[in-house]
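# Reading the structure
Read off the chains here:
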Amino acid sequence: MNDLNDLGAFYDLAWKQLENAMKTRNLASRQVALATVSKDGKPEVRTVVLRDVSRATSILRVNTDVVSAKVASLDAHPYAELLYWNAETVLQLRLKARVEIMRGDETASIWPSIPKESRGNYGSNPETGTPIANVFDYEKLGLAQNFAILTFHVDDIDVVELGDRHRRAHFSRKSDWAGQWFVP
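Residues numbered from 1 in each chain as written. Predicted model: local features only at pLDDT ≥ 70, side-chain atom pairs only at ≥ 80, totals over all residues. Heavy atoms only, no water.

All right, on to the environment of Asp158 then. If you trace the backbone, Asp158 turns up in strand 8 (residues 147-161). Considered as a pair, Asp158 and Ile132 are 26 residues apart in the sequence and their alpha carbons are 40 Å apart. The residues contacting Asp158, other than those within four sequence positions of it, are Gln92, Leu93, Arg94, Arg168, Ala169 and His170. (Helix = DSSP H or I, 4+ residues; strand = E, 2+ residues; numbered from the N terminus. Contact = heavy atoms within 4.5 Å.)

See below:
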């Protein structure tokens, strides 16, 4: 293992955690919390599944239904924070990002690659978030026009490792990811 008392190694560890989550395809390792601000300025948080990670571009991607509350919130306030936690490595990552929403024609060429068993997540009758009288009073439709991709352009990463001696560092795009130690 790299020397985690070195900022560069600590930064590498953060991205390796995210990249490994994508390689293992273990759903639990790819689940992160997404915090946004609603259209009316209230905090929101929910769990999403990472679909792509690129250290080279500092980009993460998540798929979603275009009519979901998170899309409306991001249309109003295009910034968010993702929270990753790995209990085995006792590592927490908080990633602040500007979010770009791809939808409609922008995602049409990607839709055919979405597994058939996953397509039901996009589009429902009635629409996502609509109150219903009974638990299963809805139908999943699998509509290509409801498929959207959230692209997170990461600007800041806060890394906390809760080992025997806790470590914390902050890395920012503004400083070309140089990093700074902080008290955990």
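Next up on the list: the pairing of strand 5 (residues 91-103). When a strand is regular, its side chains alternate between the sheet's two faces. Where strand 4 (residues 79-86) lies against strand 5, eight bridges are found, and the strand directions are antiparallel. Looking across to strand 5, one finds that Tyr84 is bridged to Leu93. What sits between the antiparallel neighbours strand 4 and strand 5 is a turn of four residues, in which Val90 has the positive phi angle 45 degrees. Direction of pairing for strand 5 relative to strand 8: antiparallel, over a ladder of 13 bridges. Looking at the pairing, Glu100 lines up with Thr151 of strand 8. (Pairing = 2+ DSSP bridges.)

We now examine the side chain of Thr64. With respect to the helices, strands and loops of the structure, Thr64 is situated in strand 3 (residues 59-65). Classification of Thr64 as buried rests on a relative accessible area of 4%. Other than its neighbours up to four places away in sequence, Thr64 contacts Lys70, Val71, Tyr122, Asn146, Phe147, Ala148 and Leu150. (Buried < 20%, exposed > 50% of the residue type's maximum accessible area, 1.4 Å probe, protein only.)

So, about the layout of surface pockets. One simple way to see leftover space: roll a probe sized like a water molecule over the atoms. In this structure, the largest pocket occupies an estimated 320 Å³ of space. Contributing to the lining of the largest pocket are 15 residues, with Asn63, Thr64, Asp65, Lys70 and Asn121 lying nearest its centre. Mapped by element, the contributors of at least two residues to the lining of the largest pocket are strand 2 (43-54) and strand 3. A class-by-class count of the residues in the lining of the largest pocket yields four nonpolar, seven polar and four charged. (1 Å grid on protein atoms, 1.4 Å probe; cavity = no way out; pocket = protein on both sides within 12 Å on 5 of 7 lines; lining within 4 Å. Points joined across faces, edges and corners; volume = space filled by probe spheres on them. Nonpolar A, V, L, I, M, F, W, Y, C, P; charged D, E, K, R; others polar.)

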